[in-house]
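Survey of secondary and tertiary structure
Chain by chain, the residues:
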2 protein chains.
Amino acid sequence: MKISCPKSSLLKGVNIVSKAVSSKTTMPILECILFTVENNVITLTANDMELGIETIVDGTIYEDGKLALDAKIIFEIIRKLPDNDILIESDAACSTTIVCEKAVFTIPGRDGEEFAYLPSVETENKIIISQFTLKELIRQTIFSTLDNENNKMMSGELLEVSGDELRMVSLDGHRVSLRNVKLNDNYPPVKIVVPGKTLSEISKILTGEADSEVSIFFTKNHIVFEFDNTVVVSRLIEGEFYKISQLLHDDYETKVTVNKKELLNCIDRATLLVKESDKKPIIMTVSEEEMKIQLKSTMGSMNEDLMITKSGSDIMIGFNPRFLIDALRVIDDEEVSLYMINSKSPCYIRDEENSYIYIILPVTFNVNS
Amino acid sequence: MKISCPKSSLLKGVNIVSKAVSSKTTMPILECILFTVENNVITLTANDMELGIETIVDGTIYEDGKLALDAKIIFEIIRKLPDNDILIESDAACSTTIVCEKAVFTIPGRDGEEFAYLPSVETENKIIISQFTLKELIRQTIFSTLDNENNKMMSGELLEVSGDELRMVSLDGHRVSLRNVKLNDNYPPVKIVVPGKTLSEISKILTGEADSEVSIFFTKNHIVFEFDNTVVVSRLIEGEFYKISQLLHDDYETKVTVNKKELLNCIDRATLLVKESDKKPIIMTVSEEEMKIQLKSTMGSMNEDLMITKSGSDIMIGFNPRFLIDALRVIDDEEVSLYMINSKSPCYIRDEENSYIYIILPVTFNVNS
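First things first, this report covers the structure right here in the doc.

Calculation notes
Residues numbered from 1 in each chain as written. Chains lettered and ligands numbered in written order. Predicted model: local features only at pLDDT ≥ 70, side-chain atom pairs only at ≥ 80, totals over all residues. Heavy atoms only, no water. Disulfide = S-S within 2.5 Å. Buried < 20%, exposed > 50% of the residue type's maximum accessible area, 1.4 Å probe, protein only. 1 Å grid on protein atoms, 1.4 Å probe; cavity = no way out; pocket = protein on both sides within 12 Å on 5 of 7 lines; lining within 4 Å. Points joined across faces, edges and corners; volume = space filled by probe spheres on them. Helix = DSSP H or I, 4+ residues; strand = E, 2+ residues; numbered from the N terminus. Nonpolar A, V, L, I, M, F, W, Y, C, P; charged D, E, K, R; others polar. Contact = heavy atoms within 4.5 Å. Least-squares fit on C-alpha atoms with pLDDT ≥ 70 in both. Patch = residues over 30% accessible without salt bridge, like charges linked within 9 Å, V, L, I, M, F, W, Y side chains within 5 Å. Areas by Shrake-Rupley, 256 points an atom, 1.4 Å probe, with all protein chains shown as cover. Salt bridge = Lys/Arg side-chain N within 4 Å of Asp/Glu carboxyl O. Lys, Arg positive; Asp, Glu negative; His and termini not counted. Charge placed at Lys NZ, Arg CZ, Asp CG, Glu CD. Pairing = 2+ DSSP bridges. Axes fitted to C-alpha atoms, helices over the stretch in contact; angles between N-to-C directions.

**Brief notes about the state of the cysteines**
All names here are of chain A. Within the structure shown, the criterion is met by zero disulfides over all chains. The thiol sulfur of Cys5 is not disulfide-bonded, and the nearest other cysteine sulfur, from Cys100, lies at 11 Å. With relative accessibility at 0%, the residue Cys5 sits in the buried group.

**Focus: empty space enclosed by the protein**
Residues and elements named next belong to chain B. For the coordinates displayed, the defined rule picks out one cavity of 30 Å³ or more. Its volume calculated, the largest cavity comes out at about 30 Å³. What lines the largest cavity is simply Phe143, Arg175, Val176, Ser177, Phe323, Ala327, Tyr358, Ile359 and Ile360. Of all the secondary-structure elements, those providing two or more residues to the lining of the largest cavity are strand 13 (175-195), helix 6 (321-330) and strand 25 (356-360). Looking at side-chain class alone, the lining of the largest cavity contains seven nonpolar, one polar and one charged residues.

**Concerning the environment of A:Ile73**
Mapping A:Ile73 onto the fold places it in helix 2 (residues 71-80). Spatially, the C-alpha atoms of A:Ile73 and A:Asn148 are 30 Å apart, while their sequence positions differ by 75 residues. With sequence-adjacent residues up to four places away left out, A:Ile73 is seen in contact with A:Ile107, B:Leu272, B:Leu273 and B:Met299.

**Side note on the relation of the copies chain A and chain B**
Mapping chain A onto chain B calls for a screw motion: a turn of 180 degrees about the axis and a shift of 0.0 Å along it, with 0.0 Å RMSD after fitting. These values place the two chain copies in the arrangement generated by a two-fold rotation axis. When C-alpha distances to the rotation axis are compared across chain A, the minimum falls at A:Glu276, with a value of 16 Å. Take the interface residues of chain A: 100% of them recur as interface residues in chain B, which is what a same-surface contact looks like.

**So, a negative patch on the surface**
Residues and elements named next belong to chain A. A cluster of acidic side chains, namely Glu38, Glu63, Asp64, Glu89 and Asp91, defines a negative patch on the protein surface. Structurally, Asp91 is set in the loop between strand 7 (85-90) and strand 8 (95-100). Owing to a relative accessible area of 42%, Asp91 belongs among the partly exposed residues under this scheme.

**Some thoughts on the sheet that holds strand 2 (residues 32-38) of chain A**
Residue and element names in this part refer to chain A. Pairing is antiparallel in the open sheet, where nine strands are placed in the order 10-6-2-3-4-16-15-14-11. Pairing within the sheet leaves two strands with one partner each, and these edge strands are strand 10 (110-111) and strand 11 (126-130). Here strand 4 (residues 51-57) pairs with strand 16 (residues 230-235) via five bridges, running antiparallel. Bridged to Gly52 within strand 16 is Val233. Against the sheet, helix 2 contacts strand 2 and strand 6 (65-70), and its axis sits at roughly 90 degrees relative to strand 6. This element, helix 3 (residues 131-139), spans strand 11, strand 14 (213-218) and strand 15 (222-227) of the sheet and lies at about 90 degrees to strand 11.

Quick look at the structure:
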């Protein structure tokens with residue numbers, strides 16, 4: 001194999017596929033990036049057996065071939081080389097020379113044939129969505145997935161298409177994050193569970209442009225994202241996602257509307273009195289036109305009154321401040337509404353159109369502690 | 001005690017004195033910042049018994065007093081409060097209320113009388129230097145101090161004044177970093193060893209302005225820095241610093257002059273092949289008009305030829321790449337000169353005026369490994 005690519009496109013390509021390089025594996029080939037040079041195209045591929053990414057890079061081809069190079073080393077070499085054309089050449093033993101200006105690196109490579117190819121996936125059933133929307137959907141739901149080997153289902157997100165509606169849902173047992181968006185077209189129904197890791201890696205690669213599209217293909221076991229010059233293939237999580245329909249109702253006893261930034265800053269301030277280990281709740285006391293926010297810990301206490309618009313009954317309710325902060329951070333509205341029933345029932349933070357719904361379980365608290 | 005200060009000046013003051021707050025101590029009072037309000041001045045003080053810092057903050061005084069507050073908590077509270085005036089008020093039991101707009105924090109304080117005051121130091125023998133120069137001197141020498149409890153002397157820097165010359169020297173057994181600067185005046189001789197930690201904390205506080213001055217006072221056991229509204233007092237390291245005079249000579253067999261940035265980038269690139277654990281040397285082979293830089297490790301090999309101006313004999317010599325990088329990073333010249341005698345003798349990186357001298361011991365290497 002012999003190619004020459006501008007540093008910038010090589011760096012971009014390696015950076016993209018690196019997201020699918022296995023970080024903990026006993027198989028060295030999974031720590032590699034595959035360079036495939038054939039049919040006048042230079043393709044980079046990485047595959048950790050759950051997630052696979054393939055991207056095309058610009059460059060000049062002198063000789064076809066397949067070569068696997070250690071992802072970390074090749075990334076560091078490219079990153080530190082001058083901003084100029086980089087020549088990559090391998091010999092029959094896969095020993096690889098990388099030349100840029102006067103710098104010459106020689107590193108061992110591996111036969112590309114050892115590499116585990118991406119599964120070839122039927123690309124029939126698909127939807128189209130903008131990069132911007134997909135990136136936002138992930139940002140606004142990913143935080144309530146659970147990074148826990150023992151609970152596969154909670155480590156993923158429900159992705160559901162019905163008609164022209166796309167819904168994404170994540171939950172961790174204490175809260176639910178849900179986003180609904182309208183698609184530009186009607187599609188056949190889809191209901192799958194995508195690994196959280198896939199979504200979080202995808203969102204790092206997406207440029208997030210509003211006028212750039214992503215095609216998403218679905219099969220029984222896989223989801224495929226196609227955008228720019230990149231293809232991402234991921235296994236799905238098997239099984240059925242939690243039924244959340246009975247949670248989705250509009251009942252409430254108290255509705256509080258408050259400036260989002262003020263509420264977020266206030267809770268964020270209060271958490272400085274909370275050490276990781278002792279989980280102190282934040283207590284909200286809602287009365288006419290005012291919401292008192294209080295937190296007490298061994299380090300001290302904080303209280304602050306926020307102006308609100310209230311309808312319904314007064315209420316006193318406690319929350320894990322972290323959960324409120326996570327939800328408030330990803331909401332872009334200037335004002336948010338909290339819907340509550342009583343101090344034992346979940347609180348709903350949602351907009352009028354239900355384009356987002358964050359459901360947070362309250363915690364019990366002792367008023368005097 | 002009762003004061004009101006703008007958030008910005010309080011935050012700046014707390015940030016400055018925090019550098020002298022003890023991070024590992026069994027005495028809670030050493031984790032505190034002392035607020036002293038008397039004679040129409042609000043002073044913040046911190047003191048870890050080695051290093052003490054005192055700074056004056058702007059504000060309105062309602063009631064004099066002395067109060068010690070946990071440094072981390074008060075810093076976090078101030079940082080997270082809105083950008084407005086902050087009222088701090090303590091009662092007889094030192095319970096302290098911090099109010100900003102509608103946010104109210106209550107935290108426990110401590111009696112200011114428990115606090116260990118800064119030693120009062122005679123301020124007779126002093127020199128004056130610009131903040132810029134002092135900050136540069138520290139940056140350009142601090143990296144070769146040794147952070148090691150077992151070798152106090154190497155954890156400090158020599159500070160030597162003779163006539164109108166100020167010299168700072170640090171060394172760690174493998175290398176020496178030395179800077180000489182001219183002062184604007186003649187001063188009586190001084191020769192002391194300042195803890196590296198003091199210098200590194202000072203350099204974080206210095207704004208580094210060229211037209212702002214620092215007065216440095218010396219006593220037998222202490223050094224005092226005065227600048228802006230801040231006083232820093234530090235203990236000295238007792239004992240005599242290493243004699244380095246016999247190292248300071250101008251002999252050489254080979255002089256190499258090279259573009260600093262090219263050399264630095266080249267060595268920096270090579271180090272990506274070095275894992276922390278295996279210490280592979282970088283090998284320089286100097287011949288007519290060219291210096292070959294090579295590094296070989298289990299991960300691969302790199303070589304690069306740099307254009308140089310050479311006088312004297314050819315040489316092949318190996319170094320710990322880290323030591324070269326540290327020195328080259330802090331040199332501001334476009335070109336640097338390396339003076340070498342043979343592959344066993346230290347290499348000198350210095351300018352014509354000896355305003356800086358970096359002495360680096362070479363390492364042995366196996367040409368074929």
